[in-house]
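# Descriptive analysis of the structure
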Amino acid sequence: MDKIRLRIPVIVEGKYDKARLAQIVDGVIVTTDGFGIFRRQEKLALIRRLGQNGVILLCDSDGAGKVIRGHLKSALPPEKVYDLYTPQIRGKEKRKAHASKEGFLGVEGVDNSILSDLFARFAALHPDLAEGANNSVPPRKPLTKADLYSLGLTGTPDASARRADLCLKLGFPPDMTPNALLSALQLLYSFEEIQKIMD
């Protein structure tokens, strides 16, 4: 399997996440050392410096990952952050005796084919940031907040439930805010693809 070459760094939580991702991508991968990022200012400074042209955040899709992602996003220019999410898959990593607190696999436990598909889709839609994916993805109209509204994902009494359902289908964390969902969808999907999924 050819690796996907990235022109911007990927930030993951731990060394096992980094080892797993290194099987899929060719590029700079930086760890946060879990919650260590909160007390290691030099690591945060390194991430800021490496991410001057952009940075991909690939934290675990659980509560701890959400906290780490939020901390990093508050320290980086929002227009330079690309949020990617692994699906929430129940299970435990082979090296661990017990599952995580929430019972979901972290990046290290997700199958290589899932990570490969995730980064191939990203590369196909962002050829300026990555290469090595299927370049047959057609041009697309970027999703907007108005599109979320037209799809019933905002502005309606059941919008929150519809967003949760969509997140479940796409493997995103179910409690994503409308802005977080829009950001994730813009990286990976066209309006037509989301409309088809919603239908």
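What comes next is a walk through the structure. Fair warning: this is a prediction, and the values are worked out from it, not measured in the lab.

### Remarks on the sheet that holds strand 6 (residues 81–83)
Spatially, four strands are ordered 4-2-5-6 in an open sheet, and the strand pairing comes out parallel. For this open sheet the edge positions go to strand 4 (29–31) and strand 6, each flanked by a neighbour on one side alone. Going across the sheet, the axis of each strand differs from the next one's by a mean of 30 degrees, ignoring polarity. Pairing analysis gives two bridges linking strand 2 (residues 10–12) to strand 5 (residues 55–57), with the strands arranged parallel. Residue pairing in the sheet places isoleucine 11 in a bridge with leucine 57 of strand 5.

### Digging into the pattern of salt bridges
Counted under the stated rule, the structure contains six salt bridges. Between arginine 40 and aspartate 33 there is a salt bridge; the shortest N-O distance is 2.4 Å. On the basis of relative accessible area, arginine 40 is assigned to the partly exposed category, the value being 31%. For aspartate 33, a relative accessible area of 37% translates into the label partly exposed. When the shortest N-O distance is used, the salt bridge between aspartate 33 and lysine 43 registers 3.3 Å. With aspartate 33 in the loop between strand 4 and helix 2 (41–50) and lysine 43 in helix 2, this pair connects stretches of sequence that are ten residues apart. A residue is classified by how much of its surface remains accessible, and lysine 43, at 12% relative accessible area, is buried. By sharing partners, the salt bridges in this structure join Asp33, Arg40, Glu42 and Lys43 into a single network.

### Points about the sheet that holds strand 3 (residues 25–26)
Strand order across the open sheet formed by three strands is 3-1-7, with mixed pairing between neighbours. Looking along the sheet, the strands with just one partner apiece sit at the ends: strand 3 and strand 7 (130–131). The pairing of strand 1 (residues 4–6) with strand 7 spans two bridges and is classified as antiparallel. By the bridge assignment for strand 7, arginine 5 is matched with glutamate 131. Against the sheet, helix 4 (residues 112–125) engages strand 1, strand 3 and strand 7, with an angle of about 60 degrees to strand 1.

### Looking at helix 6 (residues 159–170)
With twelve residues, helix 6 ought to run about 16 Å at 1.5 Å a step, and its terminal C-alpha atoms sit 16 Å apart, in line with that. When we look at burial in helix 6, the residues that qualify are Ala159, Arg163, Leu166, Cys167 and Leu170. In an axial view of helix 6, the angular spread of the buried residues amounts to 100 degrees, which keeps them on one side of the axis. Turned more than 90 degrees away from the buried face of helix 6 sit Leu168 and Lys169, all of them exposed. Where helix 6 is buried, its residues touch helix 7 (178–188) and helix 8 (191–198). Phi for glycine 171, located one or two positions after helix 6, is positive at around 80 degrees.

### Let's talk about the packing of aromatic side chains
Under the defined criterion, the tally for this structure stands at three aromatic pairs. Relative to phenylalanine 122, the ring of tyrosine 82 lies with its centre 5.9 Å away and its plane at 75 degrees, an arrangement referred to as edge-to-face. Placement of the pair is tyrosine 82 in strand 6 and phenylalanine 122 in helix 4, with a sequence separation of 40 residues. An angle of 50 degrees between the planes, with centres 5.7 Å apart, marks the rings of tyrosine 85 and phenylalanine 172 as tilted. Here tyrosine 85 is found in the loop between strand 6 and helix 4, whereas its partner phenylalanine 172 is found in the loop between helix 6 and helix 7, with 87 residues between them in sequence. Its end group placed over the ring of tyrosine 85, arginine 69 keeps NZ or CZ at 4.0 Å from the ring centre.

Cut-offs used in this document
Residues numbered from 1 in each chain as written. Predicted model: local features only at pLDDT ≥ 70, side-chain atom pairs only at ≥ 80, totals over all residues. Heavy atoms only, no water. Pairing = 2+ DSSP bridges. Helix = DSSP H or I, 4+ residues; strand = E, 2+ residues; numbered from the N terminus. Axes fitted to C-alpha atoms, helices over the stretch in contact; angles between N-to-C directions. Salt bridge = Lys/Arg side-chain N within 4 Å of Asp/Glu carboxyl O. Buried < 20%, exposed > 50% of the residue type's maximum accessible area, 1.4 Å probe, protein only. Contact = heavy atoms within 4.5 Å. Expected span 1.5 Å × (residues − 1). Arc of directions from axis to C-beta. Phe/Tyr/Trp six-rings, centres within 6.5 Å; stacked < 30°, edge-to-face > 60°. Lys NZ or Arg CZ within 6 Å of the ring centre and 35° of its normal.

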